[in-house]
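Structural overview
Letter by letter, the chains look like this.
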Amino acid sequence: MKLTILGFLKKVAASVAPFQKLVLISLAAWVTHIILRVLLLFRSNPYGFPFVSKPDWFIFHAVCIDFLWIVNALVVFLILGGIVYRITAGKATLKAVVVKITTVLYAVFHTAILLLTLLDNETQRFLGGHLTFGLVDTYKDTSSIIVFYDYVANDLSVPYLQFVVLALMLPLTYGVYRLLCKWYRPSDGFYVKKSVIAMLIFYIASYLFVYFIWTGNARMTKLRPVVSLIYNDLFVAKKIVGLTDAELGNYRTAYQNLWQKIEGDSDWTFTDSDSGNHLPLYREPMQALLQSEKLKAQREMQPNFILVLMESQRGWNTGYMNPQLQPSPTPFMDSLAAHSHVWMRMHTSGVPTTGGVLSTHIGIPHHSRLAQATDLAHVTIPSFVQVLTTNGYSTHYMSAADPAWDNLGVWMSKWYTAEHYNREREDDSTFIDHAIEYVRDTLSKEGKPFLATLMTRSNHYPFNFAAGMTDEQKNRPLQERINVTMNYADRQIARFFHSIENEEWYKNTYVIIMADHGFPLGENGVSTMNGGGFSNVSWIPFFIHGKGLDAVRDTTPAAQIDVAPTVLELAGFAVPNIFMGHNLLREHMADSVPEPLAGLSLGAYSGYAAIGLDGYRFIAKYPAQDETHIFADGDLRQENELTGKLQNEEGRAKEKFLSATLDTLLKISDYSLERGL
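What comes next is a walk through the structure. (Residues numbered from 1 in each chain as written. Predicted model: local features only at pLDDT ≥ 70, side-chain atom pairs only at ≥ 80, totals over all residues. Heavy atoms only, no water.)

Let us now look at the overall build of the protein chain. Check the secondary structure of the protein chain and you find 24 helices and 18 strands. Counting only C-alpha atoms and orienting by the principal axes, one finds that the protein chain spans roughly 95 × 60 × 60 Å. The buried share of the protein chain, reckoned over its 677 residues, is 54%. The long-range share in the protein chain, meaning contacts at least 24 apart out of those at least 6 apart in sequence, stands at 72%. In the form shown here, the protein chain has an accessible surface area of approximately 29,800 Å², with 59% of it arising from carbon and sulfur atoms. Where the 57 positive side-chain charges of the protein chain centre and where its 63 negative ones centre are 14 Å apart. (Helix = DSSP H or I, 4+ residues; strand = E, 2+ residues; numbered from the N terminus. Buried < 20%, exposed > 50% of the residue type's maximum accessible area, 1.4 Å probe, protein only. Contact = heavy atoms within 4.5 Å. Areas by Shrake-Rupley, 256 points an atom, 1.4 Å probe, with all protein chains shown as cover. Lys, Arg positive; Asp, Glu negative; His and termini not counted. Charge placed at Lys NZ, Arg CZ, Asp CG, Glu CD.)

Right under this line is the structure:
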């Protein structure tokens, strides 16, 4: 076997020998790519914040990813060049020409990729997203070049370093190539042991490391090489069919009619205007709402807000949502919920964390196809936080997890006054210590209203991050272990609120506690985040505690897209917006008697989507909808599936309506997310 493998490698080496310069070009280009990765990952962004807070978690993956695609490109050129080389058998002069042309083309290919990689790196540093054809189309005018120069000149990392790298990287690559040419001159031709075998071994090791040993979707998204981006734009993105004018018009009408129907006695009007970028979601407040005494009173209160986003907090394991679960993993949340307005049928509008957090902020469900946090980072999408910041609030995003990991930091920097993260404070205990100190001793004393958003971490898969967990607890099944970490996170949040509840300013503070998403642990046959939109991943806790809010158990269908308009209602602001959600504190009046609110829950979940409407929750594999599920909206644990049971004419019509409505809403929201304001 050993001789057979060695013989095979020798044959490979012999066939590669005429093109050995391509191998040396590949290695030289790889060295330069490593340097570019270091300059990207270990530097700050232009605004003075680390591009990634844990570059050591990225650099080895980057080195391996670049090696993989470079070898893949090498193989393609070797095959194409080898085919032409074989065709010219017996013609030495033509063979030499084939080798030379192939070598020149390969060098030009890597030159272009290196230049694009530098531009992609700087695009990520400045805008938070990769370089794409869509981005180029957005910023193709000459004024963008001037703005880019201003950014470079004011780069808080190293001003003008981009130009130095641009000037030196190609000479550096050529210098490395010349050194390799000197080293690779064995008397018997191409040296098998130092090249083919070594590259094959490292290729296999890189593949195993990146795709099996230490994986991570967020990291892979951030480290996507330029060749992958170009391929996606040319061949994958082109397959996505856009909306025609007629389709957009129909979807616009259907969406706006549904929104107004759910809203009830609406104080909002949709308008097709330049200020709204002609988005179907854009609506403006009517004068009656702007002059509302209720909103005026809320503005004069200048209430503070504390928004707590609990990592992976499942409705299934939250005590007040599942009283039969004893002992409750969340005693503090249960106690606070008992004195709050609680929405019992709240669903996340996107997964994973980026989906839930972004949907909460912008009032639009996560994009059904794109990695929104990265692919759409260049698009201007307003948030309720931005409204608060613009109106004098001091807004702070505090995260126990690295917001740069999945590109959330780029989005938060658009809306918040400041971000707080330190890799030494990743446990919820140390994170809460910092939050207590900053909110109580600094933020509350600035003399202006504030919003403090806290994003926890300890209750994260595989649910063994809580400090002080015993070996016995860590070895429990996931379904039990999550109760341990949820209880730990609950205790830390309790510490935070007990430390501030006697402060005078706390009386004028709204506390909002919710989750970013749940987590599937085998229910409905699903145990992965991209396995469906069932309630194990979508059903989450959500309640608001504060002045003027009674203790209510609300069964209105709701979703994270409702948070933005609801918070602005409490702050007393009515501004033009593109929120798809509804103010959950509005009232319908009939003969001076409040009517129950209509509701809508909507979300996109990594290949699946779901809608809650008219007493049902409809889940579908999206966009094909070749797999569907339907449940009664009150069947929150989804134990009684109705799919196939609604066989009467009315039932079939309902399923068809929900399917069409889900498709309409997601096409409208995807369109709006891609265009922005």
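Further notes follow.
Let's shift gears to the side chain of Thr-173. Relative to the assigned elements, Thr-173 resides in helix α7 (residues 161-183). Apart from the residues lying within four places of it in its own chain, the contact partners of Thr-173 are Ala-28, Ala-29, Thr-32 and Leu-114.

A separate point is the packing of aromatic side chains. Overall, the coordinates contain 31 aromatic pairs when judged by the stated rule. With 6.3 Å between their ring centres and 75° between their planes, Phe-209 and Trp-214 make a pair best called edge-to-face. On the accessibility criterion, Trp-214 (32% relative accessible area) is partly exposed. Directly above the ring of Trp-214 sits Arg-219, whose terminal nitrogen or CZ lies 4.6 Å from the centroid. Above the face of the Trp-268 ring, Arg-283 is positioned so that its terminal group lies 4.6 Å from the ring centre. (Phe/Tyr/Trp six-rings, centres within 6.5 Å; stacked < 30°, edge-to-face > 60°. Lys NZ or Arg CZ within 6 Å of the ring centre and 35° of its normal.)

For the structure shown, the criterion picks out 21 salt bridges. Note that Lys-507 is salt-bridged to Glu-504, the shortest N-O span being 3.4 Å. Accessibility classification places Lys-507 together with Glu-504 in one group, the exposed group. Lys-667 is paired through a salt bridge with Asp-663; the nearest N and O atoms lie 3.2 Å apart. You can see Lys-667 and its partner Asp-663 sitting in helix α24 (residues 649-675), four residues apart, about one turn around the helix. Classification of Asp-663 as buried rests on a relative accessible area of 16%. Several salt bridges converge on common partners, so that one network encompasses Arg-43, Glu-122, Arg-125 and Asp-155. (Salt bridge = Lys/Arg side-chain N within 4 Å of Asp/Glu carboxyl O.)

This part is about the side chain of His-396. For His-396, the position within the fold is in strand β6 (residues 394-399). Under the relative-accessibility criterion, His-396 is labelled buried at 3%. Looking at His-396, its side chain comes within polar contact range of the side chain of Ser-394, at 2.9 Å. Reaching out from His-396, the side chain makes a polar contact with the side chain of His-420 at a distance of 2.9 Å. Once residues lying within four places of it in the same chain are set aside, the contact partners of His-396 are Tyr-416, Thr-417, Ala-418, His-420, Tyr-438, Leu-443, Glu-446, Leu-451, Ala-452 and Thr-453. (Polar contact = N/O pair within 3.5 Å; in protein donor to acceptor, adjacent residues only side chain to side chain.)

With that settled, consider the environment of Val-511. Mapped onto the elements of the fold, Val-511 is located in strand β9 (residues 509-515). Look at Val-511 and you get buried, because its relative accessible area is 0%. Among all residues touching Val-511, those that are not within four sequence positions of it are Ile-306, Leu-336, Phe-497, Tyr-506, Phe-543, Ile-544 and His-545.

Let us now look at unusual backbone geometry. A cis amide bond links Val-351 with the next residue in sequence, Pro-352, at an omega value of -5°. Summarising the element assignment, Pro-352 is placed in the loop between β5 (346-347) and α15 (353-362). Following Tyr-622, the chain continues into Pro-623 via a peptide bond in cis, with omega recorded as 15°. Tracing the sequence through the fold places Pro-623 in the loop between β17 (616-621) and β18 (628-632).

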